[in-house]
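What the coordinates show
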Amino acid sequence: TDAWLHRLEEQLQQNPGCMVGEIGLCKLARFVRTYAGGKTAALQLQRHVFAQQLTLAARYRRPVSVHCVQQHGILLDIFRDVASTTTNHNNNNDDEEQEKKD
């Protein structure tokens, strides 16, 4: 389940000075090597979780510390994807805030 994601978002909402923390992608992580579903499934899960964490950080405009081991191309792809989706989301929020002011 994504209960962890909901808890993280709650923490970001309740603590405006809080950063998301260290997040990353690592082909050599023990999790990847030992995941019961296999290496391919582990890497897919790792990428999915990373993208969710990065999306929250962007949405709440919070810093992250990113580490990456042997997945630089994937990292750049995720940065692009998150930037395009959160830019649209933030632009819509900015428009709504401007309408409230008018």
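The structure under discussion appears in the preceding block.
Description of the structure in this document.

**What about helix α1 (residues 3-14)?**
Here α1 spans 17 Å end to end across 12 residues, near enough to the 16 Å set by a 1.5 Å rise per residue. When we look at burial in α1, the residues that qualify are L5, L8 and L12. Down the axis of α1, the buried side of the element spans an arc of 60°, and every buried residue falls inside it. Summarising the contacts, the buried residues of α1 are in contact with α3 (39-59).

**Quick word on the packing of α1 against α3**
Remark: α1 packs on α3, axes separated minimally by 11 Å, with the N-to-C direction vectors making an angle of 20°. Judged on the interaxial angle alone, α3 and α1 are roughly parallel. In this structure, the crossing between α1 and α3 has a hand that is right-handed. When α1 is examined against α3, the residues W4, L5, L8, E9 and L12 are found in contact with a partner set consisting of V49, Q52, Q53, L56 and R59. The residue inventory of the contact of α1 with α3, partitioned by class, reads 6 nonpolar, 2 polar and 2 charged.

**A look at α3**
For α3, which comprises 21 residues, the first-to-last C-alpha distance of 30 Å matches the rise-based estimate of 30 Å (1.5 Å per residue) to within 8%. Regarding α3, the residues found buried are A42, L43, Q46, F50, Q52, Q53, L54, T55, L56 and A57. Just beyond α3, the residue with positive phi is R61, at close to 55°.

**Some thoughts on the environment of F79**
Its place among the elements puts F79 in helix α4 (residues 72-101). On a C-alpha basis, the gap between F79 and A51 in space is 8.2 Å, while along the polypeptide they are 28 residues apart. Setting aside its immediate chain neighbours within four residues, F79 contacts F50, L54 and V66.

**What to know about the environment of G24**
One can find G24 in strand β1 (residues 21-26). Of the residues examined, G24 reaches a relative accessible area of 16% and is grouped as buried.

Parameters and conventions
Residue numbering note: each chain is counted from 1, following its sequence as written. Reporting in this predicted model follows two pLDDT cut-offs: at least 70 for local features of residues, and 80 or more for side-chain atom pairs to be given and counted; totals over whole chains, interfaces and linings ignore these cut-offs and use all residues. Only hydrogens and water are removed before side-chain values are computed, so all heavy atoms of the structure are retained for them. Note on conventions: DSSP H or I runs of at least 4 residues are helices, E runs of at least 2 residues are strands, and numbering of each starts at the N terminus. Multiply 1.5 Å by the residue count of a helix minus one, and that product is the helix's expected span. Summary of the burial criterion: residues with accessible area below 20% of their type's maximum are buried, those above 50% are exposed, and those between are partly exposed, where the area comes from a 1.4 Å probe applied to protein chains only. Picture the helix axis, draw a direction to every C-beta atom, and the arc is the one those directions span. In what follows, residue pairs with any heavy atoms lying within 4.5 Å of each other are defined as contacts. The angle between two axes is taken between their N-to-C directions and runs from 0 to 180 degrees, where each axis is a line fitted to C-alpha atoms and a helix contributes only its stretch in contact. We call two directions roughly parallel when the angle between them is under 35 degrees, roughly antiparallel when it is over 145, roughly perpendicular when it lies between 65 and 115, and oblique otherwise. It is the rotation of the near helix from the far one that decides the hand of a crossing: anticlockwise by less than a right angle makes it left-handed, clockwise makes it right-handed. When residues are grouped by polarity, Ala, Val, Leu, Ile, Met, Phe, Trp, Tyr, Cys and Pro land in nonpolar, Asp, Glu, Lys and Arg in charged, and all others, Gly among them, in polar.

Distances and angles like these do not, on their own, reveal function.
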